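# Notes for the structure review
Listed below, chain by chain, are the residues.
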Amino acid sequence: MPETYLVWKFLHITGVVMLMGNITVTAIWKYFADRDGRGPVLKFAQKLITYTDWSMTVWGVILTMIGGYGLAIEGQFELTSGWLLWAQVCFVAAGLIWMGLIVPIQIKSARMTRLFGDGPVPDAYKALSKRWIFWGLISTVPLVTALWLMIARPA
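Residues numbered from 1 in each chain as written. Predicted model: local features only at pLDDT ≥ 70, side-chain atom pairs only at ≥ 80, totals over all residues. Heavy atoms only, no water.

Applying the stated criterion across every chain, the model contains 2 salt bridges. A salt bridge links Asp 36 to Arg 38, with the shortest nitrogen-to-oxygen separation between them at 2.8 Å. (Salt bridge = Lys/Arg side-chain N within 4 Å of Asp/Glu carboxyl O.)

For the rest of this paragraph, the subject is the layout of surface pockets. Volume-wise, the largest pocket comes out at about 1,100 Å³. Val 16, Leu 19, Thr 64, Phe 91 and Leu 143 are, among the 48 residues lining the largest pocket, the residues nearest its centre. With 13 residues, helix H1 (residues 3-36) is the largest single contributor of residues to the lining of the largest pocket. In the lining of the largest pocket, the residues fall into 33 nonpolar, 12 polar and 3 charged. Its volume calculated, the second largest pocket comes out at about 370 Å³. In this structure, the second largest pocket is lined by 18 residues; those nearest its centre are Thr 50, Trp 54, Gln 106, Ile 107 and Ala 110. When contributions to the lining of the second largest pocket are tallied by element, the ones reaching two or more residues are helix H2 (39-74) and helix H3 (82-113). When residues in the lining of the second largest pocket are grouped by element, the largest group, 9 residues, is from H2. Residue classes in the lining of the second largest pocket are distributed as 9 nonpolar, 4 polar and 5 charged. (1 Å grid on protein atoms, 1.4 Å probe; cavity = no way out; pocket = protein on both sides within 12 Å on 5 of 7 lines; lining within 4 Å. Points joined across faces, edges and corners; volume = space filled by probe spheres on them. Helix = DSSP H or I, 4+ residues; strand = E, 2+ residues; numbered from the N terminus. Nonpolar A, V, L, I, M, F, W, Y, C, P; charged D, E, K, R; others polar.)

Glancing now at helix H4 (residues 123-152). The periodicity of an α-helix, 3.6 residues per turn, causes residues three or four positions apart to be oriented the same way. End to end, H4 covers 44 Å across 30 residues, agreeing with the expected 44 Å (1.5 Å per residue, within 8%). Within the sequence span of H4, burial applies to Tyr 125, Leu 128, Ser 129, Trp 132, Gly 136, Ser 139, Pro 142, Leu 143, Ala 146 and Leu 149. The first or second residue beyond H4 is Arg 153, which carries a positive phi of 45°. (Expected span 1.5 Å × (residues − 1). Buried < 20%, exposed > 50% of the residue type's maximum accessible area, 1.4 Å probe, protein only.)

Although it is not a glycine, Gln 76 adopts a positive phi angle of roughly 55°. Relative to the helices and strands, Gln 76 is located in the loop between H2 and H3. Relative accessible area serves as the criterion here: at 73%, Gln 76 is assigned to the exposed category. Of note, the phi angle at Arg 153 is positive, near 45°, even though the residue is not glycine. Residue position: Arg 153 is located in the segment after H4. Overall, Arg 153 belongs to the partly exposed group, its relative accessible area being 42%.

Any functional reading would require information beyond the geometric quantities listed.
Structure representation (structure tokens):
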């Protein structure tokens, strides 16, 4: 196996670990912060979600793509057929949900938390949190599917 293939594979797997790890941990943070319900806790959790999205999710996506396309080119895989095509479709679908729905919710939520004091958390924030969790779970389905396709490589 050529050494460059292993480098592409390393980048791809590192990206997947960063991406999948961060979306899992972020959902757990958000869930428990929401359950706690105190404004300062929610504000801190929302700040961390923003930080980790930029430092882990974005870089995870970039490394996944660079490594994946490097692997495909080096391994002479056909990008437009079978499992590889469907994995790319799933990856793009998850990205569209994330960019189109989840990120705007995160931005609104972060802005709202900046105004939180020690008083009650507004119902509008709670509604946004429920939408974030819902769409976050929905966007995870195509990512897990893409991961399965990468591992199983069905015909």
